[in-house]
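Here is what each chain is made of, one letter per residue.
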Amino acid sequence: MRLFFSLALIGFFSTFSAQSVITFPYNPDSDGNAFVATPDMLETLSVFGSVFTPAEIQIDGVGLLQVIQELQNQLAVLQQSIDDNALPDGILSGDYLIWNGTAWMPEHPVDDCGVLNGDNSTCTDCCGVVNGDGSTCDGACGACNDDTSCLDDCGVLNGDNSTCLEGCMDPLACDYDPSAAIQAVTAISGTGSLSFTWLSVGDYASEISWAVDGTTYAAGDTPALTLPVGTYTITGYDSYGDGWNGGELLITDDVSGTCVTLVVTGSSSSVSIDVTDVTDGGGALICDYTSCAGCTDTTACNYDAAATQDDGSCATDDLCGVCGGDNSTC
């Protein structure tokens with residue numbers, strides 16, 4: 001036993017003086033014979049008292065401290081964005097973050113076109129053009145950019161208001177109809193006007209002509225016609241007989257905003273449009289203002305419980321007890 005400790009001390013001091021470097025993880029079987037025996041213990045004593053400095057934990061080749069620092073920075077940015085009620089540049093609602101080895105980066109699973117990991121290359125604008133800006137079909141009534149110039153009062157493209165309810169739209173009237181989309185008016189006998197806009201004169205403008213109300217016009221003509229209210233037919237002609245080849249004429253009733261498009265196929269084609277005038281032609285509103293009128297003041301002596309519109313007739317008793325009297329009867 002004395003010999004064992006002597007040998008151990010000799011090994012310890014000789015090894016300690018050499019400042020051995022410990023390799024981690026440490027294997028106590030120093031001689032590799034699959035047994036931990038006395039020689040292995042002597043080897044262990046040789047590093048007794050050495051400084052233990054474990055290697056830094058790595059995540060995908062990046063030190064743990066750096067990863068934690070980057071994560072803290074990202075959390076600080078996200079927290080500030082939450083505080084500001086906004087997301088940072090490049091991060092969208094629903095995104096998640098992925099560590100790329102140096103920083104946390106936003107991952108967009110779905111692009112604006114709804115494609116997983118897409119690049120927005122499959123999106124189309126309202127004209128059907130991939131990645132378009134809507135400029136290729138501007139001027140086509142109702143096609144792009146929320147153009148409602150050709151919608152009727154019922155919201156129907158190029159409609160004639162026949163699909164929505166007509167009635168009294170005045171909330172102060174006795175027969176007010178909250179579901180009405182068109183104000184009922186009396187018969188109209190005034191005048192209105194039509195406007196004409198060429199969306200395209202086509203490839204062979206010299207072959208094009210068109211007529212309305214007995215007058216013939218050429219391609220590109222845009223008269224502003226004042227006409228009596230009524231229904232008018234606009235007929236287009238092609239002298240060659242093969243249609244207008246891209247020619248397109250937009251006709252608009254200036255009062256109602258209703259519009260139709262004339263496109264000729266073959267030798268001729270026609271469209272019809274109503275010329276209206278509800279502003280200058282004497283079309284009076286059809287609303288009832290009398291059947292529900294009366295005194296609505298509950299303190300008045302002539303209070304009418306059935307009245308929903310006050311007609312200014314409310315009165316009080318005079319000194320003689322006469323409702324609305326002038327004190328002359330007592």
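What you are looking at is a predicted structure, and each value in this text was computed from that prediction instead of being measured. (Residues numbered from 1 in each chain as written. Predicted model: local features only at pLDDT ≥ 70, side-chain atom pairs only at ≥ 80, totals over all residues. Heavy atoms only, no water.)

## Side note on the confidence of the model for the chain
- Per-residue pLDDT for the chain has a mean of 76; in total, 67% of the residues score no lower than 70.
- By mean pLDDT, helix 1 (residues 2-17) is the weakest element of the chain at 39, and strand 8 (residues 208-212) is the strongest at 95.
- Predicted confidence is poor over residues 1-21, with pLDDT under 50, and the contacts of this stretch with residues over four places away or in other chains come to 14 contacts. (pLDDT = per-residue confidence, 0-100. Helix = DSSP H or I, 4+ residues; strand = E, 2+ residues; numbered from the N terminus. Contact = heavy atoms within 4.5 Å.)

## A closer look at the sheet that holds strand 9 (residues 215-218)
- Strands sit in the order 9-8-11-14 across an open sheet of 4 strands; the sheet is antiparallel. On the outer flanks of this sheet lie strand 9 and strand 14 (268-275), each paired with one strand and no other. On average, each strand axis in the sheet is tilted by 25° relative to the strand beside it, whichever way the strands run.
- Bridge count for strand 11 (residues 230-238) against strand 14 is 8 bridges, and the pairing is antiparallel. Within strand 14, the position partnered with Tyr232 by the bridge is Ile273. (Pairing = 2+ DSSP bridges. Axes fitted to C-alpha atoms, helices over the stretch in contact; angles between N-to-C directions.)

## Section: the sheet that holds strand 10 (residues 225-228)
- Taking strand neighbours across the sheet as the criterion, the 4 strands line up as 10-7-12-13 in an open arrangement whose pairing is antiparallel. Among the strands making up the open sheet, the edge pair consists of strand 10 and strand 13 (259-262). Recorded for the sheet is a direction-independent mean angle of 30° between the axes of neighbouring strands.
- Of the pairings in the sheet, the one linking strand 7 (residues 191-201) to strand 10 comprises 4 bridges and is antiparallel in character. If you follow Gly192 over to strand 10, its bridge partner there is Leu227.

## A look at the state of the cysteines
- Applying the stated criterion across every chain, the model contains 5 disulfides.
- The disulfide partner of Cys174 is Cys292, and the S-S distance across this bridge is 1.8 Å. Negative torsions about the S-S bond denote left-handed disulfides, and the value of about -85° found for Cys174 with Cys292 makes this one left-handed. With Cys174 in the loop between strand 5 (166-167) and strand 6 (182-183) and Cys292 in the loop between strand 14 and strand 15 (293-294), this pair connects stretches of sequence that are 118 residues apart.
- The partly exposed category is assigned to Cys174, whose relative accessible area is 24%.
- Since its relative accessible area comes to 9%, Cys292 is described here as buried. (Disulfide = S-S within 2.5 Å. Buried < 20%, exposed > 50% of the residue type's maximum accessible area, 1.4 Å probe, protein only.)

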